[in-house]
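# Examination of the molecular architecture
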Amino acid sequence: MIDPPATKYATCDGRRVAYTDSGEGDAVIFLHGVGATKRCWAAQVHTLSTRFRCIALDYRGYGESDVPPPESISRESFAQDVAAVMDAAGVDSAALCGNSLGGVVALEFYKRFPQRVRSLVLVDSFAYYPGGMESIPDRLKMLDELGIKKFAETRSPALFGPGAPQWLVELACADLGSIPISVYKAATSVTWSGDYRELLPRIHVGTLVVWGEHDTKIAPRALSEELARGIPGCGEVTEIPEAGHIPQLEAPLVFNLVLADFLT
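The present account deals with the structure reproduced in this document. Throughout, residues of each chain are indexed from 1 in the direction in which the sequence is written. Only residues with pLDDT of at least 70 are given local features in this predicted model, and only at 80 or more are side-chain atom pairs given and counted; all residues enter the totals for whole chains, interfaces and linings. To obtain the side-chain values, all non-hydrogen atoms of the structure were included, while hydrogens and water were left out.

### Describing the packing of helix α2 (residues 75-89) against helix α3 (residues 101-112)
To be explicit about the condition: Lines are fitted to the C-alpha atoms to define the axes, a helix being fitted only along its stretch in contact, and any angle between axes, read from their N-to-C directions, falls within 0 to 180 degrees. Only DSSP runs of H or I with at least four residues qualify as helices, and only runs of E with at least two residues qualify as strands; both kinds are numbered from the N terminus onward. Note on terminology: angles under 35 degrees are roughly parallel, angles over 145 are roughly antiparallel, angles of 65 to 115 are roughly perpendicular, and the others are oblique. The contact criterion used is simple: two residues touch if any of their non-hydrogen atoms lie within 4.5 Å. Just so you know the grouping, Ala, Val, Leu, Ile, Met, Phe, Trp, Tyr, Cys and Pro go in nonpolar, Asp, Glu, Lys and Arg go in charged, and all remaining residues, Gly too, go in polar.
For the pair α2 and α3, interaxial distance at closest approach is 9 Å and the crossing angle is 75 degrees. The orientation of α2 relative to α3 falls into the category roughly perpendicular. On α3, the residues that touch R75, E76, F78, A79, Q80, V82, A83 and M86 of α2 are L101, V104, V105, E108, F109 and R112. Across the contact of α2 with α3, the residue classes break down as nine nonpolar, one polar and four charged.

Laid out in structure tokens, this is it:
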């Protein structure tokens, strides 16, 4: 495992939001998914910080950030966390690279602060999840029945392709299992209830849509294709072979090449 850079803190709504800040040059903000932390971007921060300023954050309640009341968790508040980190780091505008919920947060951030976004990278994400709202009660019931640790054990293998090494599954399981259940339950509702389809035609920055070829159940390719079709000038979906829902973890070499090529 790559040693992480030193943790810094921004303040949003009176609570600390943890982030790391490495390298120099154009800034890239890395946004994690609903069951992850900033650790999922370690390979990107380590490699790309030789060419870019790489900032990875934990949303409120995640990782090293302070745990807020569950009612303060929303897509809007996560976007505010991003803005607070950018302010603390002295970054006026940046590329936003978000995986899953991170892509949703990136869309929300663009909706609120378009002038602060240079480009977007949306990884195994979606503008709208069919049946998402309807699925929330069952998701919350499963969390109540299993608890966060057992839920993490059952959920983590599905995040990866069939050839993923066990240590990678265990890493994802540890991250998911570290999230307070009140935070995860609130963020679950946040993840599956958004609808940004009307925003897509109004996105006027360069956008890269990335999808792992084995992500057939959590965020199937059709959801990435909807993003790519809806955003002007986006082009085709970039597929990462032999990877599932978190391709930056499972196929970091290929992912880093794709990302660096887009950013330059």
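Next, the rest of the story.
### Re the pairing of strand β4 (residues 53-57)
Let me state the cut-off plainly: Relative accessibility under 20% of the residue-type maximum defines a buried residue, over 50% an exposed one, and the middle range a partly exposed one, all with a 1.4 Å probe and only protein chains included. In short, DSSP must find at least two bridges between two strands for them to pair.
The element β4 is largely enclosed, with a buried count of five among its five residues. Burial of the side chains of β4 extends over both faces: R53, I55 and L57 are buried on one face and C54 and A56 on the other. Where strand β2 (residues 15-22) meets β4, four bridges bridge the pair, whose relative direction is antiparallel. Considered in β4, the bridge of D21 is made with I55.

### A word on the packing of aromatic side chains
Keep this limit in mind: Whether two aromatic rings pair depends on their centres lying within 6.5 Å, for rings of Phe, Tyr and Trp, where Trp uses its six-membered ring; planes under 30 degrees apart make the pair stacked, over 60 edge-to-face, and the rest tilted. In this analysis the charged atom, NZ for Lys or CZ for Arg, is taken to sit over a ring once it is within 6 Å of the ring centre and within 35 degrees of the ring normal.
Following the criterion strictly, the structure yields ten aromatic pairs and no others. Centre to centre, the rings of Y59 and F78 are 4.6 Å apart; their planes meet at 25 degrees, and the pair counts as stacked. Here F78 lies in helix α2 and Y59 lies in the loop between β4 and α2, a separation of 19 residues in the sequence. For the residue pair Y59 and F78, the accessibility class agrees, reading buried in each case. Among the aromatic residues, those joined into a ring-pair cluster are F30, W41 and F255. Of note, R16 hangs over the ring of Y9, and the distance from its end group to the ring centre comes to 4.1 Å. The ring of Y128 has R197 lying over it, and the distance from NZ or CZ to the ring centre is 3.8 Å.

### Side note on the side chain of N256
For N256, the location among the structural elements is in helix α9 (residues 252-263). Filtering out sequence-adjacent residues up to four positions away, N256 remains in contact with A43, Q44, T47 and L48.

### A short note on the pattern of salt bridges
Quick reminder of the rule: Each reported salt bridge corresponds to a side-chain nitrogen of Lys or Arg within 4 Å of a carboxyl oxygen of Asp or Glu.
Evaluated as defined, the whole model comprises 13 salt bridges. Note that R60 and D13 form a salt bridge whose closest N and O atoms lie 3.0 Å from each other. Taken together, the positions of R60 in the loop between β4 and α2 and D13 in the loop between β1 (8-12) and β2 put the pair 47 residues apart, joining distant regions of the chain. Measuring nitrogen to oxygen at the nearest pair gives 2.8 Å for the salt bridge that ties D81 to R60. With D81 in helix α2 and R60 in the loop between β4 and α2, the pair connects residues that are 21 residues apart, well separated along the chain. Side by side, D81 and R60 carry an identical accessibility label, which is buried. It is possible to trace a salt-bridge network through shared partners that takes in D13, R60 and D81.

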